[in-house]
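# Close look at the chain arrangement
Chain residues, written in single-letter form:
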Amino acid sequence: MRVKICGITNLQDALEAVNAGANALGFVFYKKSPRYIEPLKAKEIAEKLPPFVQTVGLFVNENEEFINQICFDAKMQLAQIIDDFDVLNYEKISFKYIKVIRAKEKKDLLNLNKEYYLVDAFVDSFGGEGKRIALDWFESIDCSKFILAGGLTTKNLKEINGFGFYGVDVSSGVESEVKGIKDRQKMIDFVKEANEIK
Ligand SMILES: O=C(O)c1ccccc1N[C@@H]1O[C@H](COP(=O)(O)O)[C@@H](O)[C@H]1O
């Protein structure tokens, strides 16, 4: 089970997430988020990370040029893309990317292309709200290319055992009481638990 820890805003949290065993770190380039990070600051963190940790830039309804520029400037290796209006030409994105499905109902998980998707619960603010998706929506669906997000914590992670998700993505569930600041022990516990899930 791959684990992405999203909403990294400082080097200490980044290194603690890596030491906890996270495979990927997410950086939010959406200015209205409390976890927004300036691209230059994200770059400084990215440059200090050890090998084999993927940097993921999160974009909300931005154009191709913006996504390419910020991924380049901030040294992101993957773009996590919310494209609500389905307007992007993905051939123009020069970086690897993963599309986000903001699921409102089970129907949103059906008839997808055979690519990897990050599946999050629909919230007006776009994400990071700790809202969960009903797990029964995934029943009888192949989840091997889904990264599950939305309201995951050590308290509920066991519930996804058996679905066969490719990975999980967590933000608020491993935060301290301050949004944008991670809790080291929560990250350690989360990754440990995620690694026991099939
Ligand atoms: O984290 C944010 O502030 C954020 C802002 C805008 C879009 C997405 C955002 N975060 C993503 O939300 C999900 C779930 O977060 P949580 O675990 O429920 O807090 C995750 O994919 C984050 O990458």
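Here's what I pulled together on the structure shown here. (Residues numbered from 1 in each chain as written. Predicted model: local features only at pLDDT ≥ 70, side-chain atom pairs only at ≥ 80, totals over all residues. Heavy atoms only, no water.)

## Section: the overall build of the protein
Helix and strand content of the protein: four helices and eight strands. Its helices and strands taken in sequence order, the protein reads β-α-β-α-β-α-β-β-β-β-β-α from the N to the C terminus. Over its C-alpha trace the protein gives a radius of gyration of 16 Å, about what one expects of a compact globule, namely 16 Å for 198 residues. With respect to the principal axes defined by its C-alpha atoms, the protein has extents near 45 × 40 × 30 Å. Buried positions account for 51% of the 198 residues belonging to the protein. Partitioning the contacts of the protein with sequence separation of at least 6, the portion at a separation of at least 24 is 53%. (Helix = DSSP H or I, 4+ residues; strand = E, 2+ residues; numbered from the N terminus. Rg over C-alpha atoms; globule rule 2.2 N^0.38 Å. Buried < 20%, exposed > 50% of the residue type's maximum accessible area, 1.4 Å probe, protein only. Contact = heavy atoms within 4.5 Å.)

## Some details on the packing of helix H2 (residues 39–47) against helix H3 (residues 64–74)
How two helices pack is summed up by the angle between their axes together with the distance between the axes. Following both chains from N to C, one finds H2 and H3 inclined at 45°, their axes separated by 7 Å at the closest point. One element, H2, and the other, H3, form an angle in the oblique class. Facing H2, whose interface residues are Pro39, Ala42, Lys43 and Ala46, H3 presents Ile70, Asp73 and Ala74. Looking at the contact of H2 with H3 residue by residue, the class counts come to five nonpolar, no polar and two charged. (Axes fitted to C-alpha atoms, helices over the stretch in contact; angles between N-to-C directions. Parallel < 35°, antiparallel > 145°, perpendicular 65-115°, else oblique. Nonpolar A, V, L, I, M, F, W, Y, C, P; charged D, E, K, R; others polar.)

## So, the nonpolar core
Membership of the largest hydrophobic core comes to 53 residues, with the highest contact counts inside it found for Ile5, Leu25 and Phe138. With residues up to four places along the chain from it excluded, the contact list for leucine 25 reads Ile5, Ile8, Ala14, Ala17, Val18, Leu49, Val53, Gln54, Thr55 and Val56. Membership of the second largest hydrophobic core comes to 15 residues, among which are Ala24, Ile98, Leu118 and Ile147. (Core = buried A, V, L, I, M, F, W, Y, C linked by side-chain atoms within 4.5 Å.)

## Regarding the site of the ligand
Within the structure, the ligand sits among 24 residues, and Ser33, Arg35, Gly128, Asp169 and Ser172 are positioned closest to it. One of the side-chain N or O atoms of arginine 35 is found 2.7 Å from an oxygen atom in the ligand. Protein contacts shield 99% of the accessible area of the ligand, which totals 510 Å² for the unbound molecule. If you list the elements that add at least two residues to the shell around the ligand, you get strand E4 (78–82), strand E6 (117–121) and strand E8 (167–170). (Near = heavy atom within 4 Å. Polar contact = N/O pair within 3.5 Å; in protein donor to acceptor, adjacent residues only side chain to side chain. Areas by Shrake-Rupley, 256 points an atom, 1.4 Å probe, with all protein chains shown as cover.)

## Some words on helix H4 (residues 184–194)
Residues of H4 that are buried include every one of Met187, Phe190, Val191, Glu193 and Ala194, and no others. With its buried residues spanning 165° around the axis, H4 presents them on a single face. Those residues of H4 hidden inside the fold are in contact with strand E1 (2–5), helix H1 (11–20) and E8. The backbone nitrogen of glutamine 185 lies 3.1 Å from a side-chain oxygen of the residue at the head of H4, namely aspartate 183. (Arc of directions from axis to C-beta.)

## Focus: the pattern of salt bridges
Going through the model one piece at a time under the given rule, you end up with ten salt bridges. Taking the shortest distance from any N to any O, the salt bridge between glutamate 175 and arginine 35 comes out at 2.6 Å. With glutamate 175 in the loop between E8 and H4 and arginine 35 in the loop between strand E2 (24–28) and H2, this pair connects stretches of sequence that are 140 residues apart. Residues glutamate 175 and arginine 35 agree in their burial class; the two are buried. In this structure, the salt-bridge partner of lysine 99 is glutamate 115, at a minimum N-O distance of 3.4 Å. A residue pair is termed long-range when its members are at least 10 positions apart, and lysine 99 in strand E5 (residues 96–103) and glutamate 115 in the loop between E5 and E6 qualify at 16 residues. Residue class for glutamate 115 comes out partly exposed when judged on its relative accessible area of 21%. Taken together, the shared-partner salt bridges connect Arg35, Glu175 and Lys182 into one network. (Salt bridge = Lys/Arg side-chain N within 4 Å of Asp/Glu carboxyl O.)

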